[in-house]
Amino acid sequence: MARIVMKFGGTSVADLDRIRNVAARVKREVEAGHQVAVVVSAMAGVTNQLVAWCQGLSPLHDAREYDAVVATGEQVTAGLTAIALQESGVDARSWQGWQVPVRTDGAHGKARIDRIDGEELIRRMRAGQVPVVTGFQGIGPDNRITTLGRGGSDTSAVALAAALKADRCDIYTDVDGVYTTDPRIVAKARKLDKIAYEEMLELASVGAKVLQTRSVELAMKERVRVQVLSSFQDVPGSLVVDEDEIVEKAVVAGIAYSRDEAKVTVRRVPDRPGVAAGVFGPLAAAGVNVDMIVQNVSADGTTTDMTFTLGRADLPRARKVLDENRDAIGFSEVVADADVAKISVVGVGMRSHAGVANTMFRTLAEKGINIQVISTSEIKVSVLIGAEYTELAVRALHSAYGLDAA
Ligand code: ADP
Ligand code: ASP
Ligand code: MG
């Protein structure tokens, strides 16, 4: 007998038939003698709608009220899933974040889970009940509802698995595993039976939304066995494992893209010590995460341009912060471009193989794709390109690194 956390994403609970399908899957595990806790996302499209409503009223809306609104999607599916389970003869009860409770920090809109009190849920699971927990949400130090950032139900599931000391955390979604790249844009993408935590972490952080980055980080830290598998097909999924469990290590494990980026150039900032701190300090204080950064060589020795990327959703806030600090920083203007995409290649094999970045640059050059910004880490190379070239770039790179399925 095992203790399992089963997490179902938005498309897996998109309508009543799919919720019945989820209940049937859960029932199967219960009947096999396992203790099961379920984590659910909002129905497909619901969170987007809720976010759009907040933005429609105010682009710079209050983050506490944003959380009050967007957390509602999961409340609906948790209740409906519990009803579907009860209807199929399984004892089940829904739980919202605050009821468990799932305690988070106070960073509304992108909160981190501090701790989960799992005792009551464990007691009920032992008694044969299935808790159905809302993903994506918790309760902050101010006793208000918080949300964990988009895709956060994965993190809820892994954190719950750790708190409940579960043997497994199964992430059910609309693809049957982790692929070498998004199978929706590259038909030749290959399913990976196993992927290393570090590779999955890096892929997630650069845009492979199959798992939220923080969920992988937590799984790695808490030693949670995570499996990604299909809600719709009974086929083996992908396991996220330690690097040494992978026998044949590819130089490049996968390719990811993100269209949620924006590029900002701060023009004609003074070229002297303290300017980077002057630009990025206030942004950090406002909770804006900056990703790639380039500072151009100053042409006249007195001023220079500073270019960086950030999440597109943070653009209005970044503009506001920069405008407020214009006199202190001393720049001439801020130019933003949201028509960009970040393409990244990831693999632990890069540590020992040279030439990975060069293959990327050459491949993009052959397709006539201009690279705007470059950044690298030990196991990753990322480039920023025009958004219209996203699919072309990912497909070309997938072939260039020999990842195409036969
Ligand atoms: P859920 O709603 O179940 O959480 P998501 O939409 O968040 O599902 O994540 C699953 C999606 O991730 C897939 O439909 C796929 O388009 C996308 N994806 C991106 N990169 C990958 C990858 N490398 N492997 C598998 N899926 C990926
Ligand atoms: N419903 C939330 C979102 O769409 C959380 C999740 O699906 O993981 O981001
Ligand atoms: Mg998701």
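Residues numbered from 1 in each chain as written. Chains lettered and ligands numbered in written order. Predicted model: local features only at pLDDT ≥ 70, side-chain atom pairs only at ≥ 80, totals over all residues. Heavy atoms only, no water.

Peer 1: Before we go on, may I ask you to explain the packing of helix H9 (residues 275-285) against helix H10 (residues 315-324) in this structure?
Peer 2: The geometry of a pair of packed helices is captured by two quantities: the angle between their axes and the separation between those axes. Close contact between H9 and H10 brings their axes to 10 Å; oriented N to C, the two are set at 130°. It follows that H9 is oblique to H10 by the angle criterion. For the element pair H9 and H10, the recorded crossing hand is right-handed. When H9 is examined against H10, the residues Val279, Pro282 and Leu283 are found in contact with a partner set consisting of Ala318, Val321 and Leu322. (Axes fitted to C-alpha atoms, helices over the stretch in contact; angles between N-to-C directions. Helix = DSSP H or I, 4+ residues; strand = E, 2+ residues; numbered from the N terminus. Parallel < 35°, antiparallel > 145°, perpendicular 65-115°, else oblique. Left-handed = near helix turned anticlockwise from the far one by under 90°. Contact = heavy atoms within 4.5 Å.)

Peer 1: It is not clear to me how the packing of helix H1 (residues 16-31) against helix H4 (residues 72-87) should be interpreted in this structure. Could you clarify?
Peer 2: Relative to each other, H1 and H4 sit at 60°, their axes nearing to 9 Å. Viewed along their axes, H1 and H4 adopt a mutual orientation that is oblique. Considering the relative orientation of H1 and H4, their crossing is right-handed. Contact with H1, carried on its side by Leu16, Ile19, Val22, Ala23 and Val26, involves Leu80, Thr81, Ala84 and Leu85 of H4 and no other residues of that element. Its residues assigned to classes, the contact of H1 with H4 comprises eight nonpolar, one polar and no charged. (Nonpolar A, V, L, I, M, F, W, Y, C, P; charged D, E, K, R; others polar.)

Peer 1: How should I be thinking about the sheet that holds strand E6 (residues 130-134) in this particular structure?
Peer 2: Either a parallel or an antiparallel arrangement is found when strands of a sheet pair, and the pairing is made through backbone hydrogen bonds. The eight strands lie next to each other as E3-E6-E2-E1-E9-E11-E12-E10, forming an open sheet whose pairing is mixed. The two strands at the open ends of the sheet, each matched to only one other strand, are strand E3 (92-95) and strand E10 (194-196). Direction aside, the axes of adjacent strands within the sheet are offset by 20° on average. Strand direction decides the pairing type here: E10 and strand E12 (residues 238-241), joined by three bridges, are parallel. Within the sheet, the bridge partner assigned to Lys194 lies in E12 and is Leu239. Set on the sheet, helix H7 (residues 197-205) makes contact with E10 and E12; between it and E10 the angle comes to about 80°. (Pairing = 2+ DSSP bridges.)

Peer 1: Can you walk me through the sheet that holds strand E16 (residues 333-346) in this structure?
Peer 2: If you trace the six strands from one edge of the open sheet to the other, you get E14-E15-E13-E16-E18-E17, paired in antiparallel fashion. The sheet terminates laterally at strand E14 (290-295) and strand E17 (373-377), the two strands that pair on one side only. Going from strand to strand, the sheet's axes swing by 30° on average, the running direction of each strand aside. Packing against the sheet, helix H12 (residues 356-366) makes contact with E16, E17 and strand E18 (380-386), and its axis sits at approximately 20° to E18.

Peer 1: What should I look at first to understand the site of ligand 1 in this one?
Peer 2: Inspection of the region around ligand 1 gives 16 residues, with Thr173, Asp174, Tyr179, Asp182 and Arg184 positioned closest. A distance of 2.6 Å separates an oxygen atom of ligand 1 from a polar side-chain atom of Thr173. Take Arg184: an N or O atom from its side chain is 2.8 Å from an oxygen atom of ligand 1. Within the complex, the protein chains bury 89% of what would otherwise be the 570 Å² of accessible surface of ligand 1. Of the residues belonging to the shell around ligand 1, the class tally is six nonpolar, five polar and five charged. (Near = heavy atom within 4 Å. Polar contact = N/O pair within 3.5 Å; in protein donor to acceptor, adjacent residues only side chain to side chain. Areas by Shrake-Rupley, 256 points an atom, 1.4 Å probe, with all protein chains shown as cover.)

Peer 1: Could you clarify how one ought to interpret the pattern of salt bridges in this entry?
Peer 2: Close approach of charged atoms allows side chains with opposite charge to pair. As enumerated under the stated definition, the model contains 29 salt bridges in all. Note that Arg168 is salt-bridged to Glu29, the shortest N-O span being 3.8 Å. One end of the pair, Arg168, is in strand E9 (residues 168-173); the other, Glu29, is in helix H1, and 139 residues separate them in sequence. What makes Arg168 partly exposed here is its relative accessible area of 26%. By relative accessible area, which is 16% here, Glu29 ends up buried. Salt-bridge contacts for Glu120 lead to Arg123; the nearest nitrogen and oxygen are separated by 2.8 Å. With Glu120 and Arg123 both in helix H5 (residues 119-126), this residue pair falls three residues apart, about one helical turn. Classification of Glu120 as partly exposed rests on a relative accessible area of 28%. Through salt bridges that share partners, Glu198, Glu243, Arg351 and Glu378 make up one connected network. (Salt bridge = Lys/Arg side-chain N within 4 Å of Asp/Glu carboxyl O. Buried < 20%, exposed > 50% of the residue type's maximum accessible area, 1.4 Å probe, protein only.)

Peer 1: Just to check I follow, could you spell out the environment of Ile255 for this structure?
Peer 2: Following the sequence through the fold, Ile255 ends up in strand E13 (residues 254-270). When its relative accessible area of 3% is taken as the criterion, Ile255 is described as buried. Along the primary structure Ile255 and Ile343 are separated by 88 residues, whereas in three dimensions their C-alpha atoms are 7.3 Å apart. Excluding residues that lie within four positions of it along the chain, Ile255 makes contacts with Thr180, Thr181, Asp182, Leu203, Ile343, Ser344, Val345, Val394, Leu397, His398, Tyr401 and Leu403.

Peer 1: Is there a simple way to explain the site of ligand 2 in this structure?
Peer 2: Neighbouring residues of ligand 2: Ser41, Ala42, Thr47, Glu74, Phe136, Arg150, Gly151, Gly152 and Ser153. Between ligand 2 and Glu74 there is a distance of 2.6 Å, counted from a nitrogen atom to a side-chain nitrogen or oxygen. In the environment of ligand 2, an oxygen atom lies 3.4 Å from a nitrogen or oxygen atom belonging to the backbone of Gly152. For ligand 2, the accessible surface in isolation is 260 Å², of which the surrounding protein chains cover 86%. Among the residues forming the shell around ligand 2, the class breakdown is two nonpolar, five polar and two charged.

Peer 1: Looking at this model, I keep getting lost on the nonpolar core. Mind explaining?
Peer 2: A general feature of soluble globular proteins is that nonpolar side chains tend to end up buried together. Formed by 43 residues in total, the largest nonpolar core has its most connected members in Val5, Cys169, Met200 and Val226. Put simply, the parts of the chain that give this core at least two residues each are strand E2 (35-40), strand E5 (113-116), H5, helix H6 (153-163), E9, H7, helix H8 (213-222) and strand E11 (226-230). Setting aside chain neighbours within four positions, we find Val5 in contact with Ala37, Val39, Ala157, Leu160, Ala161, Leu164, Ala166, Arg168, Cys169 and Asp170. Judged by nonpolar contacts, the second largest core, of 23 residues, contains Ala2, Met43, Leu85 and Val132. (Core = buried A, V, L, I, M, F, W, Y, C linked by side-chain atoms within 4.5 Å.)

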